[in-house]
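Observations on the three-dimensional arrangement
Read off the chains here:
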Amino acid sequence: MAQFEIKGIHLDIPDAHLTDGLRREFERGIYEWGEVRALTNVLRAGDRLLDLGSAIGFVACNAAKILEPHNIICVEANPDLIPVLEANLAANGVRRARSVQGAVVPDAFDGEEVSFELRQAFYSSRVVGEDVKEASRIVTVPALKLSDLLEAFAPDVVTMDLEGAEAALAMQHWPGKVRAVIMEIHTGVYSLSTVEAIFAGMSKNGFAFQPKGSRGDVVVFQRVGTE
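Residues numbered from 1 in each chain as written. Predicted model: local features only at pLDDT ≥ 70, side-chain atom pairs only at ≥ 80, totals over all residues. Heavy atoms only, no water.

On to the overall build of the protein chain. Scanning the protein chain from N- to C-terminus turns up 7 helices and 13 strands. Against the globule reference of 17 Å for 227 residues, the protein chain gives a C-alpha radius of gyration of 16 Å, in line with a compact fold. Counting only C-alpha atoms, the protein chain reaches 45 × 40 × 30 Å along its principal axes. Taking all 227 residues of the protein chain together, the buried fraction comes to 52%. For the protein chain, the exposed surface amounts to about 10500 Å²; the carbon and sulfur share of it is 49%. Here the protein chain holds 22 positive side-chain charges and 32 negative ones, and the gap between their average locations is 7 Å. (Helix = DSSP H or I, 4+ residues; strand = E, 2+ residues; numbered from the N terminus. Rg over C-alpha atoms; globule rule 2.2 N^0.38 Å. Buried < 20%, exposed > 50% of the residue type's maximum accessible area, 1.4 Å probe, protein only. Areas by Shrake-Rupley, 256 points an atom, 1.4 Å probe, with all protein chains shown as cover. Lys, Arg positive; Asp, Glu negative; His and termini not counted. Charge placed at Lys NZ, Arg CZ, Asp CG, Glu CD.)

Looking now at the sheet that holds strand S3 (residues 49–52). Within the open sheet, the 7 strands sit side by side as S5-S4-S3-S10-S11-S13-S12. Their pairing is mixed. Among the strands making up the open sheet, the edge pair consists of strand S5 (98–101) and strand S12 (207–209). Adjacent strand axes in the sheet meet at a mean angle of 20° when their direction is disregarded. (Pairing = 2+ DSSP bridges. Axes fitted to C-alpha atoms, helices over the stretch in contact; angles between N-to-C directions.)

Below, the discussion takes up helix H7 (residues 192–204). Helix length check: H7, at 13 residues, gives a terminal C-alpha distance of 18 Å against a target of 18 Å (1.5 Å per residue), a fit within 8%. Buried residues of H7: Val195, Ile198, Gly201 and Met202, and no others. One side of H7 carries all its buried residues, which in axial view fall inside an arc of 125°. Of the exposed residues in H7, the ones pointing more than 90 degrees away from its buried face are Leu192, Glu196 and Lys204. Against helix H6 (166–170), strand S11 (180–184), S12 and strand S13 (218–223) lie the buried residues of H7. Phi for Gly206, located one or two positions after H7, is positive at around 95°. (Expected span 1.5 Å × (residues − 1). Arc of directions from axis to C-beta. Contact = heavy atoms within 4.5 Å.)

Take the pairing of S5 next. As paired strands, strand S4 (residues 72–76) and S5 are joined by 4 bridges and run parallel to one another. Opposite Val75, over in S5, you have Val100 as the bridge partner.

An order of S6-S9-S7-S8 is seen for the 4 strands of this open sheet, with the pairing classed as mixed. Across the chains shown, the open sheet's two edge strands, defined by having one partner strand only, are strand S6 (103–105) and strand S8 (126–127). Inspection of the sheet shows S6 paired to strand S9 (residues 137–145) by 3 bridges, in the parallel sense. The residue bridging Ala103 from the neighbouring strand is Ala143, located in S9. Each of S6 and S9 touches helix H5 (residues 146–153); the most contacted strand, S9, lies at about 55° to it.

This part covers the side chain of Arg119. Following the sequence through the fold, Arg119 ends up in the loop between strand S7 (113–118) and S8. Among the residues examined, Arg119 registers a relative accessible area of 12% and is labelled buried.

Moving on, we come to the pairing of strand S10 (residues 157–160). Alternating positions in S10 separate into two faces, Val157 and Thr159 on one and Val158 and Met160 on the other, with burial throughout. The pairing of S3 with S10 spans 4 bridges and is classified as parallel. Of the residues in S10, the one forming a bridge with Leu49 is Val157. The sheet contact formed by S10 and S11 spans 4 bridges and is parallel. The residue bridging Val158 from the neighbouring strand is Val181, located in S11.

Structural data, given as structure tokens:
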């Protein structure tokens, strides 16, 4: 079990989930720094956060510096990471945050379950696509429709790091209660036309690009009129 301390957040991570590159990110304290930076600029006391793709809980633990833990909902598809996520939440005083296991899918998805590809570098695990690696393990996980999650938890802010699943979600309906969406748009996966479609979809829903908090692949979309 590897242990890391990043900006006051303690993380325990089983060695089986670490690659050399990931270990260096933790040791340098730069793991998911972009998402955390965006959260600091977006969250307001009293908000409810829906964290899609929570992984080991680092973003959620940082959110708890601003929010009450019971206002944080973590969604993670990888069943092997759920105990790691929950242990890290507990170790950082965020035990009252809720964890939900399943893969987020667009409303158009037809089915109760979806195939999910597990990779050693846990942050790159994803819903099965065309580029499945031979060394990967495929598991079946619950399919969680975005609109069901938004209705059930009524978040003010949504973080989304879903390794290539963001595009379809950006193009569907987002209810008015959601004030901001922090999205890693994975330009290494998406073509420029897909990035354009993501921005167009969020714009159609009433969100504008918010430079404050955005940097690189981490983009903040804020609903117009909620500045």
